[in-house]
Amino acid sequence: MAPRGWGCWRWAAQPRARLLSPAAAPLGFRQLLSTVELVPHICVVGSGPAGFYTAQHLLKHHPQARVDIYEKQVVPFGLVRFGVAPDHPEVKNVINTFTQTAHSTRCAFRGNVTVGRDVSVSELRDAYHAVVLSYGAEDHRTLGIPGEELPGVLSARAFVGWYNGLPENHKLTPNLNCDTALILGQGNVALDVARILLTPIELLEKTDITADALRVLRQSQVKRVWIVGRRGPLQVAFTIKELREMIHLPRSQALLDPADFEGLEDLIKEAPRPRKRLTELLVQTALKPPKGEKADGKAEAPRAWGLRFLRSPLKVLPSPDGGRVAGIRLAVMKLEGSGENAQAVPTGAVEDVPCGLVLSSVGYKSLPIDPTVPFDPKLGIIPNRNGRVSGAPGLYCSGWVKRGPSGVIATTMNDGFLTGQVLLQDLEEGVLPIGPKPGYSSIEPLLKNRGVQPVSFEDWEKLDAEEVAQGQAAGKPREKLVDPQQMLQLIGH
Amino acid sequence: MAAPGSVKLLLAASAAFGAASRRCLLLVGAGKPGRHGELDRGNAASRGASRGFSLSAPSRRSSEDKVTIHFVNRDGEKLTTQGKVGDTLLDIVVNNNLDIDGFGACEGTLACSTCHLVFEEHIFGKLEAITDEENDMLDLAYGLTDTSRLGCQICLTKSMNNMTVRVPEAVADARQSIDLGKNS
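Residues numbered from 1 in each chain as written. Chains lettered and ligands numbered in written order. Predicted model: local features only at pLDDT ≥ 70, side-chain atom pairs only at ≥ 80, totals over all residues. Heavy atoms only, no water.

1. Quick look at the overall build of chain B
Quick note on the threshold: Only DSSP runs of H or I with at least four residues qualify as helices, and only runs of E with at least two residues qualify as strands; both kinds are numbered from the N terminus onward. Exposed residues in this analysis have more than 50% of their type's maximum accessible area, buried residues have under 20%, and partly exposed residues fall in between, with area computed by a 1.4 Å probe over protein chains only. By definition in these notes, contact holds between two residues if any of their heavy atoms fall within 4.5 Å. Note that accessible areas follow from Shrake-Rupley with a 1.4 Å probe, and for residues the cover is restricted to the protein chains shown.
A count of helical and extended segments in chain B gives six helices and five strands. Put simply, chain B runs from its N terminus to its C terminus through helices and strands in the order α-α-α-β-β-α-β-α-α-β-β. Residues counted as buried form 50% of the 184 residues belonging to chain B. Across chain B, every contact between residues at least 6 apart in sequence was considered, and the portion connecting residues at least 24 apart equals 64%. Accessible area of chain B: about 8,800 Å², with a carbon and sulfur share of 54%.

What follows is the structure, given as structure tokens:
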């Protein structure tokens with residue numbers, strides 16, 4: 001391959017490589033270029049665990065890389081702030097690691113910027129050497145059944161967002177004037193919701209749950225929560241730590257039908273350890289006498305939770321005036337196959353359960369961010385190979401938007417590291433553009449012209465201090481600010 | 001299988017302060033000066049803030065208190081370091097800034113499985129009994145073995161001197177890890 005004559009001349013005249021296209025340069029020159037110190041500018045979209053752990057990996061393993069983390073909320077941390085339950089503060093310790101990352105001189109948090117609206121992914125791709133999409137799953141899967149729109153039917157995602165202070169769910173104000181709530185889905189989110197509905201209020205008062213949620217929960221009439229799954233006990237998606245918390249919930253008892261657990265202990269003899277231990281605990285709990293019969297004589301279990309299996313929602317039943325939920329019609333199912341891949345099929349029988357609140361907890365869902373980014377609506381993810389977005393060199397993804405909305409923080413952490421690794425590999429191998437890129441310096445004027453005021457990490461720390469100070473007065477770790485306008489005012493925007 | 005009654009009580013009482021640091025008080029004796037006297041070690045914020053700094057005060061204790069531990073990292077590299085009797089294995093990783101990606105995400109509060117370590121058989125058999133809570137988190141650990149434990153729950157004893165622990169793979173093969181900061 002003969003190099004173009006002007007290429008070599010240009011290099012001799014202008015030592016900086018930026019005017020040269022690498023493809024035109026002779027091979028030896030390209031090798032030389034790769035040892036010139038390039039400052040890769042990388043953009044991460046989303047400041048939850050996926051975004052922060054990807055950024056952490058990039059900063060650690062590339063000594064010059066600069067990472068900008070964009071976030072549409074005014075505040076960082078994604079589901080660590082808005083998803084993790086208020087009574088699970090230890091899980092939020094990861095915020096300390098994220099804070100360390102944000103404090104790196106090569107890292108900048110840019111909150112209050114909605115990618116896809118305030119700035120396009122194409123504009124980011126022009127400005128940065130690589131863009132990582134880590135924006136998670138902000139929507140929920142719907143049930144797709146009649147009556148889903150009735151007052152009293154909520155997505156668990158919105159309920160969780162509400163008690164955790166997510167601005168868009170601030171006005172949810174669920175009506176808890178009924179004695180029975182029914183949750184569809186048997187994952188950890190379903191247990192979180194059940195636990196928050198049943199935990200004695202004085203315990204919640206010491207957490208970072210919002211003041212509004214406390215006010216509503218204090219007046220709650222909910223005494224019984226059913227957690228309903230399409231399949232059987234061997235297919236529950238929640239994990240043992242969360243189940244144990246339900247069992248030990250003060251002043252609540254577990255309503256498990258021993259008949260549901262017959263013969264299970266034999267079936268799980270060869271099961272993998274997590275499934276085995278989980279099922280053993282379920283069986284053990286199902287065969288225990290109800291709490292009210294404890295030796296200490298305190299029959300103080302005014303509240304209850306129970307698991308119902310092999311039931312699939314068909315229709316939400318309205319009250320006589322059609323104004324709200326009065327119950328739900330469930331199809332009775334049976335299992336075909338066994339283990340994790342067992343399928344539920346209808347038997348033809350139905351069952352109506354009266355309830356005043358229905359919470360659907362059947363999965364979060366990602367949304368497409370920008371028309372130029374490929375998206376698979378069926379799987380709800382960005383099509384990718386190991387984090388490299390299909391058909392889009394320089395575009396990557398990590399976390400739930402890459403793999404689907406399941407897994408704990410550690411899962412997402414490892415995934416963030418993997419995407420980071422793949423990106424750095426591409427950088428090393430010359431797959432990414434190697435000339436200098438402007439990074440934020442070209443995005444900043446764009447945002448300014450569009451009237452967007454990015455929030456810095458320092459700004460967040462002011463809000464953080466304010467929340468902690470307000471919380472102290474109430475004996476809480478923090479009193480979350482829930483109004484973005486108020487937050488922006490507090491930081492002088 | 002359950003821990004002795006008094007240990008359980010102490011663990012339960014100290015749950016809010018980080019089970020790990022209180023647990024090890026039983027081994028070193030509650031009255032000793034030094035890091036374990038700093039009650040705010042269990043506090044998440046201070047723990048995070050102090051991560052980058054060594055917490056070891058200039059040692060006035062004899063070297064008999066020190067234990068040498070070898071970590072075999074995911075890429076096969078052996079990291080040799082020291083800790084004091086009573087430190088947890090998580091403490092050692094943090095205090096010595098060992099380069100183990102993502103280790104101890106929840107800072108020793110039994111809310112994750114990222115401090116998962118694999119022990120030698122003869123050491124494993126002598127470790128303090130595992131609790132339900134640790135088992136519950138271990139259930140979620142990738143690549144669980146018969147001699148796995150969570151590092152934040154294991155306190156150093158003198159008999160562990162010179163032991164080797166292995167950091168198991170997190171998900172994929174970490175040996176493909178590219179580090180552009182190192183001389184390649």
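2. What to know about the overall build of chain A
Quick note on the threshold: In this charge count, Lys and Arg are treated as positive and Asp and Glu as negative; neither His nor the chain ends contribute. Note on charges: their place is set at NZ of Lys, CZ of Arg, CG of Asp or CD of Glu.
Scanning chain A from terminus to terminus reveals 18 helices and 18 strands. Counting only C-alpha atoms and orienting by the principal axes, one finds that chain A spans roughly 90 × 55 × 45 Å. Excluding contacts between residues fewer than 6 apart, the proportion of contacts in chain A whose partners are at least 24 apart in sequence is 74%. Here chain A displays about 22,100 Å² of accessible surface, and carbon together with sulfur accounts for 53% of that area. In chain A, which carries 57 positive and 51 negative side-chain charges, the distance between the mean positions of the two groups comes to 3 Å.

3. Re the packing of helix H7 (residues 156–163) of chain A against helix H8 (residues 188–198) of chain A
Residues and elements named next belong to chain A. Condition: Only C-alpha atoms enter the line fits that serve as axes; for helices the fit covers just the stretch in contact. Angles between N-to-C directions range over 0 to 180 degrees. Angle categories: roughly parallel below 35 degrees, roughly antiparallel above 145, roughly perpendicular from 65 to 115, and oblique for all the rest. Helix crossings get a hand from a simple test, with the near helix turned counterclockwise from the far one by less than a right angle marking a left-handed crossing and a clockwise turn marking a right-handed one. Under the grouping applied here, Gly and all other residues not named as nonpolar or charged are polar, the nonpolar ones being Ala, Val, Leu, Ile, Met, Phe, Trp, Tyr, Cys and Pro and the charged ones Asp, Glu, Lys and Arg.
H8 packs onto H7 with a crossing angle of 50 degrees between their chain directions and a minimal axis gap of 10 Å. Relative to H8, H7 is oriented oblique. Helix-helix and strand crossings are classified by hand; for H7 and H8 the assignment is left-handed. Each of Ala156, Phe159, Val160 and Tyr163 in H7 lies in contact with H8, whose residues at this interface are Val189, Asp192, Val193, Ile196 and Leu197. Its residues assigned to classes, the contact of H7 with H8 shows eight nonpolar, no polar and one charged.

4. What about the packing of aromatic side chains?
Residues and elements named next belong to chain A. Rules: Pairing of aromatic side chains here covers Phe, Tyr and the six-membered ring of Trp, requires ring centres within 6.5 Å, and sorts the geometry by plane angle: under 30 degrees stacked, over 60 edge-to-face, intermediate tilted. By definition, being over a ring means that NZ of Lys or CZ of Arg is both within 6 Å of the ring centre and within 35 degrees of the ring normal.
Under the definition given, this model contains 14 aromatic pairs over all chains. Joined through ring pairs, the aromatic side chains of Phe52, Tyr53, Phe77, Phe98, Phe109, Phe417, Phe457 and Trp460 make up one cluster. A cation over a ring is seen here: arginine 110 above tyrosine 440, with NZ or CZ 3.3 Å from the ring centre. Just above the ring of tryptophan 226 sits the side chain of arginine 308; from NZ or CZ to the centre is 5.0 Å.

5. Remarks on the side chain of serine 312 of chain A
Residue and element names in this part refer to chain A. Relative to the helices and strands, serine 312 is located in strand S11 (residues 311–318). Exposure remark for serine 312: the relative accessible area of 13% places this residue in the buried category. Excluding its chain neighbours within four sequence positions, the residues that come into contact with serine 312 are Arg230, Arg329, Leu330, Ala331 and Met333.

6. Observations regarding the environment of methionine 333 of chain A
Residues and elements named next belong to chain A. Within the fold, methionine 333 resides in strand S12 (residues 325–336). Note on methionine 333: relative accessible area 9%, which makes it buried. In this structure, methionine 333 is in contact with Arg230, Leu310, Arg311, Ser312, Ala344, Val345, Pro346 and Thr347, ignoring residues within four places of it in sequence.

7. What to know about the sheet that holds strand S13 (residues 343–354) of chain A
Two modes of strand pairing occur in sheets, parallel and antiparallel, and in both the strands are linked by backbone hydrogen bonds. All names here are of chain A. For clarity, the threshold we go by: When DSSP finds two or more bridges between a pair of strands, those strands are recorded as paired.
Strand order in the open sheet made by the three strands is S11-S12-S13, with antiparallel pairing throughout. Among the strands making up the open sheet, the edge pair consists of S11 and S13. Adjacent strand axes in the sheet meet at a mean angle of 20 degrees when their direction is disregarded. Here seven bridges tie S11 to S12, and the two strands are oriented antiparallel to one another. Each residue of the ladder has a partner; that of leucine 317, found in S12, is glycine 327.

8. With respect to the pairing of strand S5 (residues 163–166) of chain B
Residues and elements named next belong to chain B. Side chains Met163 and Val165 of S5 all project onto a buried face; the interleaved residues Thr164 and Arg166 project onto a face where none is buried. Taken together, the four bridges between strand S1 (residues 66–72) and S5 define a ladder with parallel strand orientation. The residue of S5 that forms the bridge with valine 72 is arginine 166.

9. Here's the deal with the side chain of threonine 147 of chain B
Structurally, threonine 147 of chain B is set in the loop between helix H6 (132–138) and strand S4 (148–150). When near neighbours in sequence (up to four residues on either side) are disregarded, threonine 147 of chain B contacts Leu117, Val118, Phe119, Glu121 and Phe124 of chain B.

10. Digging into the pairing of S1 of chain B
Residue and element names in this part refer to chain B. Counting buried positions along S1 gives five out of seven residues, so the element sits mostly inside the fold. Two elements, S1 and strand S2 (residues 78–84), share seven bridges in a ladder whose sense is antiparallel. The residue bridging isoleucine 69 from the neighbouring strand is threonine 81, located in S2. The turn linking S1 back onto S2 is made up of five residues, and glycine 76 within it adopts a positive phi angle of 90 degrees.

11. Here we look at the packing of helix H3 (residues 49–61) of chain A against helix H15 (residues 409–428) of chain A
Residue and element names in this part refer to chain A. With their axes 8 Å apart at the nearest point, H3 and H15 run at an angle of 45 degrees to one another. Taken together, the axis directions place H3 and H15 in an arrangement best described as oblique. Where H3 crosses over H15, the handedness of that crossing is right-handed. Contacts between H3 and H15 involve Pro49, Ala50, Tyr53, Thr54, Gln56, His57, Leu58 and His61 from the former and Ile409, Thr412, Met413, Gly416, Phe417, Thr419, Gly420, Gln421, Leu423 and Leu424 from the latter. Across the contact of H3 with H15, the residue classes break down as nine nonpolar, nine polar and no charged.

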